[in-house]
Amino acid sequence: MHTSAIEKVFLAIWHQANKTTTQENFTPELISALATAKGLVVESIKVSDVGIFQTTKSIVLAVANGQACFPLTPILGDERWQQRRGHADHEADLFKKMDWFCPLWMAMGKVRELLRDVKTCNKERAVELLDYHTSTVYTLPFQAICIEQLWQQSRSLRHFTPLGREAYLAFYSGHRASSIAALIPVIEGALSRIVSSNDSKLSPYDKVNKVIDRAIHRAARIHFEQMWTPNEYLTSSYLFGHDERVFVFETFRNWLNGTFFQQTGEYNGTTGLNRHLFAHGISDFWQKPSNFQRLVVAITTLGVIEAWQDESSGISLFFPEMSEESKLLWEHAIFNMSVQVMLKEITEKRYHEQGHLVPKLPTDDGVLHRQALLTTDCINDLVRPMRNAGWSIEVDEPDEKALWITIVAHSEQRILKVALLYSCATDNKLYKQLAETCDVILYRGAPYHQKQFAHGLQIHVGPVTAWQPPLAKTSHC
């Protein structure tokens, strides 16, 4: 008897059993009698808990041509199922708040910690916490392995591996926005490659649903140990809180359709990782640097979906050890980052000498670099000389644009407040604002049209390296 024929017999037994009595009252004797009446030779029959993650109490029938699972738990009305489904729905809502999906290759303890932290915060804070918790997971080596090893294992992603390498190296060379822009189309391109040529005219939503449905169906069959099972138990609706793989696949579907492919007017996420925002230039949210790591992970997850929906030997659910090729790619990125630091220093020096800030880029406004330079020079050229002169020093934080920082110096006789500017070429309004509370205004580097920028001030203004701090005992400026 062919498989399709035996499945028809199992289905007939299922329907007849439901006509005979309620599902909770199924017995092995009843199922065995129905199977025998259909001409099947029963090899074994027992009551068993079936399922890989959460189980379903069932009668398992084995015959010569196959096995069947007859659940004893109704599809509706089971309190344990309702509790698990409610818990799964709650977690899915938390991932939606983060504009993300349940991640693969992340320890469950780490996932639980993330979900606990985002439970009571708003969407903006949830995304910040997502970045924080994944910063130790979506690392440079992790990304290198995804691109160099996992993409190569996927029929649909293999074609994009050279682009992934270039985007990875470019991102860690400072070209962040262009690297993100290069990867956004890969999701749709890979999705089109996964579906058959006959489905090429489907909308992105239909393509997503088609491949996710296939992947979930296979996960459902594996969940029930490849036995025939009534179709209503093989659905995402039933298994969403029962099978962790189904939960991952379904939340990934939600992210693709509800975030990445969401229509512009309906998108209300906070990561900005939306193809329409990118394609139509409506917003620059997509340029956030953290979106590069997200794209690498999302593309790799799509490769997993491909392997599950067509049962190919593609990307595994188990993350591999780093290969020599991935290690070389990772080391190349580290080298690029080292070179980028030197280039930033040279560029900053050239612009600073001409009284300009380094121009703002889509993913880098220069604030972090200015903060580092301003803080370092404040310690070396201002704080240390003043401490050597006998002052007790309190250092404030740089302002939000890293254009200035202040210190407060104490002695037995007086208090001296000093401002250090990032550059002499600072707006006169800021000079006058600082002059209201500061005794001295200094700046990094050489004078650059000082009279023009600092006009109208009655306090000392000059280069920090040319200023001699007064001795704390005499307290003269």
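Quick caveat, the model's predicted, so the values are computed rather than measured. (Residues numbered from 1 in each chain as written. Predicted model: local features only at pLDDT ≥ 70, side-chain atom pairs only at ≥ 80, totals over all residues. Heavy atoms only, no water.)

Visitor: Looking at this structure, how should I read the pattern of salt bridges?
Guide: Side chains carrying opposite charge are able to pair once their charged atoms draw close together. Taken as a whole and assessed by the stated rule, the structure comprises 13 salt bridges. In this structure, the salt-bridge partner of Glu188 is Arg275, at a minimum N-O distance of 2.8 Å. In this pair, Glu188 sits in helix H8 (residues 176-194) while Arg275 sits in helix H12 (residues 275-279), placing the two residues 87 residues apart along the sequence. Judged by its relative accessible area of 23%, Glu188 falls in the partly exposed class. Using a relative accessible area of 22% as the deciding quantity, one classes Arg275 as partly exposed. Counted as one network, the salt bridges with shared partners bring together Arg155, Glu306 and Asp310. (Salt bridge = Lys/Arg side-chain N within 4 Å of Asp/Glu carboxyl O. Helix = DSSP H or I, 4+ residues; strand = E, 2+ residues; numbered from the N terminus. Buried < 20%, exposed > 50% of the residue type's maximum accessible area, 1.4 Å probe, protein only.)

Visitor: Is there a simple way to think about the environment of Lys288 in this case?
Guide: Considering the arrangement of structural elements, one finds Lys288 in the loop between H12 and helix H13 (290-309). Residue classification places Lys288 among the partly exposed positions, given a relative accessible area of 32%. As for Lys288 and Lys57, which are separated by 231 residues in sequence, their C-alpha atoms are 48 Å apart. Those residues within four positions of Lys288 in sequence are excluded, and the remaining contacts are Ile180, Thr270 and Thr271. (Contact = heavy atoms within 4.5 Å.)

Visitor: Please explain the side chain of Asn428 as it appears in this structure.
Guide: Relative to the elements of secondary structure, Asn428 occurs in helix H16 (residues 428-435). Among the residues examined, Asn428 registers a relative accessible area of 13% and is labelled buried. Among the polar contacts listed, one links the side chain of Asn428 to the backbone oxygen of Phe453, at a separation of 2.8 Å. If near-sequence neighbours (up to four positions away) are discounted, Asn428 is found in contact with Phe453, Ala454, His455 and Leu457. (Polar contact = N/O pair within 3.5 Å; in protein donor to acceptor, adjacent residues only side chain to side chain.)

Visitor: For this particular structure, what's the right way to read the nonpolar core?
Guide: Buried together is how nonpolar side chains tend to be arranged in soluble globular proteins. With 105 residues, the main nonpolar core has Phe10, Phe70, Tyr168, Ile187 and Trp255 as its most contacted residues. Here the element with the most residues in this core is H13; it accounts for 10 residues. Sequence-distant contacts of Tyr168, defined by excluding residues within four places in its chain, comprise Leu140, Gln143, Ala144, Ile147, Phe292, Leu329, Trp330 and Ala333. The next biggest cluster of nonpolar side chains, apart from the first, holds 21 residues, and it includes Leu382, Ala389, Tyr422 and Val440. (Core = buried A, V, L, I, M, F, W, Y, C linked by side-chain atoms within 4.5 Å.)

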